[in-house]
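Structural overview
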Amino acid sequence: MFHKIKNMCVLLLVFMVVCCTACTVGNEAMDGEKGNADNDVVMRDDSTEKPDQASEYKVLKGKIKGVDSLAKPEIYFPSGSDYKKLEDGIWEDKNENYLLIEPGRVMYTTKEFYDTFESLLEDAKGFRDDLDEILEQGSVWGISEEKAVDTVQRIVEQNKISVKETKAYSLTKDNLTKLSKLFMPDQEYAEYIKDPDNEPMKRVFAEKDEGWLVVMSVCAGENALYPKEYEYGERYYLGEQIWAIVNKNGLVTFQADGIYDVDTDDSEKIKVLSSGQAKEILNQKFRNKISSHKPECKEMKESFLAVNDGKGSTVKFIPVYIFKIEQKHDDDKGNQKRQFTEQRVLILDRENGKWIE
């Protein structure tokens, strides 16, 4: 059990592919000058959350929260559990419920999580990013949405984590079945189960399997932080997100990454790009690229990254723009009937106008 969970810990820290290309921004882009509009990225009317002007921004600083300041095991394990400390930061009970607490990170898992939900994860990303589009909200057997959110909120408050943008997804038996088929299509699954060496993967779900997936954004001050993590150059961008599953029996799993003590008094002022300047930099990125299909910006929003040098515990929270880009491509033979759609996330540093990859 410990080996299996240890492997999952590694998976949850793996770099998620965020397809960006670093580029040097010329003075023309920084000044917001326009180029050939025929080559510009197609911007959806609602793609920008909030147009703004070039302005100053306070970059907050903080430290990764230490283990001693995080909540104790009793708030995670079921009432009456016989959990025991295995080593520093690790607890487990006879029912294979397991807790790992590290600096800035908490992971609580149960046997029920592995039996029902683990196969629906997408590596370090956790559950899919498009749950709003693919899942139908509905009632969950044995527990209300309010109670599920309150259960997670209680744990968050006891860990003194600042959060916002809470979402709850109903993992009904129909939604769980849909997720399992998206994770592994029917044809692929049929081949998978032919091999007796493959571990069983749950494919059919019942009401007793249902639960709520609760997702929260971690904040620095009032700013929600971007949830992905990866390394780039000499800087390490930490992942920040809380997600948990709660069912009629209580907490099934709780995952929290990016828990900080933020010093709102320790800050530095920087000048940041306006949304217009950022759009021009985006256009420059795709100009002079030969393609029969224009890229489309489905979403542009402000966000913040937690930046660390990979060594100490000090973190800076820098402002960025997040672009979600879609572009159609023809196959190698140029057959219009055989196209594929490429989806990318591009991250632009709002201070220096450089792409982060």
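Source: prediction; values computed, not measured.

Now for the overall build of the protein. A tally of helices and strands in the protein yields eight helices and 18 strands. Taken over 357 residues, the protein has a buried fraction of 46%. In the protein, 73% of the contacts between residues at least 6 apart in sequence involve partners at least 24 apart. If you sum the accessible surface of the protein, you get close to 19,000 Å²; carbon and sulfur atoms cover 45% of it.

To continue, consider the environment of Pro78. Along the chain, Pro78 falls in the loop between strand E2 (55-64) and strand E3 (84-87). The class of Pro78 is partly exposed, set by a relative accessible area of 43%. As a C-alpha pair, Pro78 and Asn249 span 171 residues in sequence and 8.9 Å in three-dimensional space. Discounting chain neighbours no more than four positions away, the residues touching Pro78 are Asp93, Asn97 and Tyr108.

One recurring pattern in soluble globular proteins is that nonpolar side chains are buried together. Ranked by size, the top nonpolar core spans 50 residues in total, and within it Tyr76, Val106, Val152, Ile242 and Phe254 carry the most contacts. Contact partners of Val106, with chain neighbours within four places excluded, come to Leu70, Tyr76, Leu99, Leu100, Ile101, Asn159, Phe254, Gln255, Ala256 and Ile259. Counting 19 residues, the second-largest nonpolar core is a separate cluster that includes Phe127, Tyr169, Leu171 and Leu213.

On to a negative patch on the surface. The grouping of Glu145, Glu146, Asp150 and Glu157 at the surface amounts to a negative patch. Among the secondary structure elements, Glu145 is positioned in helix H5 (residues 145-158).

Let's shift gears to the pattern of salt bridges. Applying the stated criterion to the full structure yields 16 salt bridges. For Lys194, the salt bridge goes to Glu191, with nearest N and O atoms at 3.1 Å. Residue classification places Lys194 among the exposed positions, given a relative accessible area of 58%. With a relative accessible area of 48%, Glu191 lands in the partly exposed category. A single salt-bridge network, built from bridges that share partners, covers Glu102, Arg105 and Asp257.

Our next topic: the environment of Phe317. Its location among the elements puts Phe317 in strand E16 (residues 314-330). Phe317 sits in the buried class, given a relative accessible area of 1%. Remark: the alpha-carbon pair of Phe317 and Val262, spanning 55 residues in sequence, is separated by 9.4 Å. Residues contacting Phe317, with those up to four places away along its chain left out, are Tyr57, Val59, Leu60, Lys61, Gly62, Ala220, Leu225, Tyr260, Val262, Leu305 and Ala306.

This part is about helix H6 (residues 173-183). Within H6, burial applies to Asn175, Leu176, Leu179 and Ser180. Summarising the axial view, the buried residues of H6 lie within an arc of 140°, below the 170-degree limit, and thus occupy one face. Structurally, H6 contributes buried residues whose contacts are with helix H4 (131-134) and strand E7 (163-171).

Helix length check: helix H8 (residues 275-286) (12 residues) gives 17 Å between terminal C-alpha atoms against 16 Å at 1.5 Å per residue, within 8%. Within H8, nine of the 12 residues are buried, which leaves the element mostly enclosed by the surrounding structure. For H8, the complete set of buried residues consists of Ser275, Gln277, Ala278, Glu280, Ile281, Leu282, Asn283, Lys285 and Phe286. Asn288, located one to two residues past H8, shows a positive phi value of around 65°.

Despite not being glycine, Glu96 shows a phi value in the positive range, around 70°. Tracing the chain through its elements places Glu96 in the loop between strand E4 (90-92) and strand E5 (98-102). Note on Glu96: relative accessible area 29%, which makes it partly exposed. In this structure, Lys160 is a non-glycine residue whose phi angle is positive, near 55°. Structurally, Lys160 is set in the loop between H5 and E7. Taking relative accessible area as the criterion, Lys160 reaches 66% and is therefore assigned exposed.

Keep in mind that low pLDDT regions are not for reading the predicted coordinates in detail. Across the protein, the average pLDDT comes to 80, with 78% of residues at or above 70. Averaged pLDDT values for the elements of the protein fall to 36 in helix H2 (residues 27-30) and rise to 97 in E4. Under a pLDDT of 50 for its full length, residues 1-35 has, in the predicted model, 79 contacts with residues more than four places off or in other chains.

So, how was this worked out
Residues numbered from 1 in each chain as written. Predicted model: local features only at pLDDT ≥ 70, side-chain atom pairs only at ≥ 80, totals over all residues. Heavy atoms only, no water. Helix = DSSP H or I, 4+ residues; strand = E, 2+ residues; numbered from the N terminus. Buried < 20%, exposed > 50% of the residue type's maximum accessible area, 1.4 Å probe, protein only. Contact = heavy atoms within 4.5 Å. Areas by Shrake-Rupley, 256 points an atom, 1.4 Å probe, with all protein chains shown as cover. Core = buried A, V, L, I, M, F, W, Y, C linked by side-chain atoms within 4.5 Å. Patch = residues over 30% accessible without salt bridge, like charges linked within 9 Å, V, L, I, M, F, W, Y side chains within 5 Å. Salt bridge = Lys/Arg side-chain N within 4 Å of Asp/Glu carboxyl O. Lys, Arg positive; Asp, Glu negative; His and termini not counted. Charge placed at Lys NZ, Arg CZ, Asp CG, Glu CD. Arc of directions from axis to C-beta. Expected span 1.5 Å × (residues − 1). pLDDT = per-residue confidence, 0-100.

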